[in-house]
Amino acid sequence: MQRHYKKKVSGFKDWDQFNHSEDYLIYPQNIGENLGIDELSLSKGELYTFVTNKNGRGKKKTLVAVIKGTKSQDIIDVLNKIPLEKRKLVKEITLDMANNMQLASRICFPESNLVTDRFHVVKLVMEALQHQRIKLRWEAIEKENQAIKIAKEQGIKYVPIVFENEDTPKQLLARSRYIIAKKTNEWTPNQKVRAELLFKIYPHLHQAYNTLSSSGTSMNKPQKN
């Protein structure tokens, strides 16, 4: 039944985009004033560039183009197949901070304004915040290793620094990875105590967290370190 549908009923072989469907799909009729452009991995890690009409809200007439790969010239070559008068209708494009997407958008949609997607800004801040936390954790581990070495040389027992919640410095930093990825109203009582300690000891982390929180968005997939 599936084979019969594909080869006989669906009209797949007569599809007007059949010859280039592995490289790109294009639907000029779906273009609108507000577009979004982003990369997406569909299968086996292969990246594709998607151009969508934001007013479609993921339903019919949303897809404007799908292009295999993320090279700016490939994107430009495909999007330029859309008549210029249609491309001039685009007033705003939402995208990430990748240079290739910005270049393609500027060339293909000359009348549009480029707007950086807030999600990507928040993601960048979160990655920087987690990177700083991880760096501090490795510094804490190194300090502890040095203290253990000195104690051993002096023939005394090493006693680690323990905070009021019974975390050591390296434990505090390790156990805070989920805290800084959540909003304050989502913290448990234990997490509130840990957050107070973390931000008291590392005020620059507090400052970065406040910057992230002020965006109104939280990331729920922190790095695992």
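Before reading further, recall that the structure is shown in the block above.
Report follows, based on the coordinates. Fair warning: this is a prediction, and the values are worked out from it, not measured in the lab.

Our focus in this paragraph is the packing of aromatic side chains. What characterises a pair of aromatic rings is the spacing of the ring centres plus the angle enclosed by the ring planes. Evaluation of the coordinates by the stated rule reveals three aromatic pairs. Seen in terms of ring centroids, Phe-199 and Tyr-209 are 5.4 Å apart; in terms of plane orientation they differ by 35°. Their pairing is tilted. Of this pair, Phe-199 sits in helix α7 (residues 189-201) while Tyr-209 sits in helix α8 (residues 203-213); the two residues are ten residues apart in sequence, bridging distant segments of the chain. Every member of this aromatic cluster is reached through a ring pair, and the members are Trp-187, Phe-199 and Tyr-209.

Where helix α5 (residues 118-153) meets α8, the closest approach of the two axes is 10 Å, and the angle between their N-to-C directions is 165°. Taken as axis vectors, α5 and α8 run roughly antiparallel relative to one another. When the axes of α5 and α8 are compared, the crossing they make is left-handed. Contacts from Val-122, Val-125, Met-126, Leu-129, Gln-132, Arg-133 and Leu-136 in α5 reach His-204, Leu-205, Ala-208, Tyr-209 and Leu-212 in α8. Partitioning the contact of α5 with α8 into residue classes produces nine nonpolar, two polar and one charged.

Phi at Arg-57 is positive, roughly 55°, even though this residue is not glycine. Relative to the elements of secondary structure, Arg-57 occurs in the loop between β3 (46-53) and β4 (63-68). For Arg-57, a relative accessible area of 71% gives the class exposed.

So, on to the sheet that holds strand β2 (residues 34-43). Pairing is mixed across the open sheet formed by six strands, whose spatial order is β1-β4-β3-β2-β5-β6. Every interior strand has two partners, whereas the edge strands, β1 (24-26) and β6 (113-116), have only one. Each neighbouring strand pair of the sheet contributes to a mean axis angle of 25°, computed without reference to strand direction.

Pairing between β1 and β4: three bridges, direction antiparallel. Residue pairing in the sheet places Tyr-24 in a bridge with Ile-67 of β4. With five bridges connecting them, β3 and β4 associate as antiparallel partners. By the bridge assignment for β4, Thr-52 is matched with Leu-63.

The set of residues buried in helix α2 (residues 72-79) consists of Ile-75, Ile-76, Val-78 and Leu-79. Buried residues along α2 cover an arc of 165° about the axis, so they all sit on one side.

On to the nonpolar core, then. In this structure, Leu-35, Ile-37, Val-51, Ile-67, Ile-75, Leu-79 and Phe-109 are the most contacted members of the largest nonpolar core, which totals 21 residues. With near-sequence residues (within four places) excluded, Leu-35 lies in contact with Val-51, Thr-52, Asn-53, Lys-54, Val-64, Val-90, Glu-92, Ile-93, Thr-94 and Phe-109.

Scoring rules and cut-offs
Residues numbered from 1 in each chain as written. Predicted model: local features only at pLDDT ≥ 70, side-chain atom pairs only at ≥ 80, totals over all residues. Heavy atoms only, no water. Phe/Tyr/Trp six-rings, centres within 6.5 Å; stacked < 30°, edge-to-face > 60°. Helix = DSSP H or I, 4+ residues; strand = E, 2+ residues; numbered from the N terminus. Axes fitted to C-alpha atoms, helices over the stretch in contact; angles between N-to-C directions. Parallel < 35°, antiparallel > 145°, perpendicular 65-115°, else oblique. Left-handed = near helix turned anticlockwise from the far one by under 90°. Contact = heavy atoms within 4.5 Å. Nonpolar A, V, L, I, M, F, W, Y, C, P; charged D, E, K, R; others polar. Buried < 20%, exposed > 50% of the residue type's maximum accessible area, 1.4 Å probe, protein only. Pairing = 2+ DSSP bridges. Arc of directions from axis to C-beta. Core = buried A, V, L, I, M, F, W, Y, C linked by side-chain atoms within 4.5 Å.

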